[in-house]
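# Fold and contact review
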Amino acid sequence: MRAIAANLVAEIRTTISAEQELLSARLALFGNGAKRASIWGSVAASLIFFAAMALVFGAVLSLSVRVGPELATLITCAILLLLALGAAGAARTGARDAGAALKSETSPPPGPGNV
């Protein structure tokens with residue numbers, strides 16, 4: 001009986017050790033993937049930013065022929081501010097939804113004693 005118990009304990013230790021090694025390898029793989037994703041995501045975001053700036057510069061140049069450079073700059077800035085306002089509203093809605101979801105997970109359900 002002692003031999004069976006000792007064998008069982010040894011197998012459990014081996015299994016635990018193998019699971020720890022597997023989790024360690026998975027964590028290393030996840031870290032490498034996350035690092036690559038953040039680097040290439042930053043590169044992509046930078047290139048998108050530069051493309052957007054080129055588009056804004058082109059809009060100012062093409063409008064300046066028709067309405068003058070000052071008014072072209074004001075028109076372009078106004079359009080960009082309206083787009084930023086819309087994006088901020090969408091971000092606020094998303095943050096409110098995330099907050100509501102988090103609050104519903106951590107708060108007890110309403111009831112007679114939980115008002």
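Here, the structure is the one placed above.
Residues numbered from 1 in each chain as written. Predicted model: local features only at pLDDT ≥ 70, side-chain atom pairs only at ≥ 80, totals over all residues. Heavy atoms only, no water.

Helix and strand counts for the protein chain stand at 2 helices and 0 strands. Accessible surface, the protein chain as shown: approximately 9,800 Å² in total, 72% of it carbon and sulfur. (Helix = DSSP H or I, 4+ residues; strand = E, 2+ residues; numbered from the N terminus. Areas by Shrake-Rupley, 256 points an atom, 1.4 Å probe, with all protein chains shown as cover.)

Moving on, we get to the side chain of T76. With respect to the helices, strands and loops of the structure, T76 is situated in helix α2 (residues 69-106). With residues near it in sequence (within four places) discarded, T76 still touches V56, A59, V60 and L63. (Contact = heavy atoms within 4.5 Å.)

Moving on, we come to a nonpolar patch on the surface. Together, I39, W40, V43, L47, F49, F50 and M53 give the surface a local cluster of nonpolar side chains, amounting to about 760 Å² of exposed area. Its place among the elements puts F49 in helix α1 (residues 2-67). Residue F49 is classed as partly exposed on the basis of its relative accessible area of 46%. (Patch = residues over 30% accessible without salt bridge, like charges linked within 9 Å, V, L, I, M, F, W, Y side chains within 5 Å. Salt bridge = Lys/Arg side-chain N within 4 Å of Asp/Glu carboxyl O. Buried < 20%, exposed > 50% of the residue type's maximum accessible area, 1.4 Å probe, protein only.)

Let us now look at α1. An α-helix turns once every 3.6 residues. As a result, residues three or four positions apart point the same way. In a regular helix each residue adds 1.5 Å, so 66 residues correspond to 98 Å; α1 covers 94 Å between its end C-alpha atoms and thus fits that length. Phi for G68, located one or two positions after α1, is positive at around 95 degrees. (Expected span 1.5 Å × (residues − 1).)

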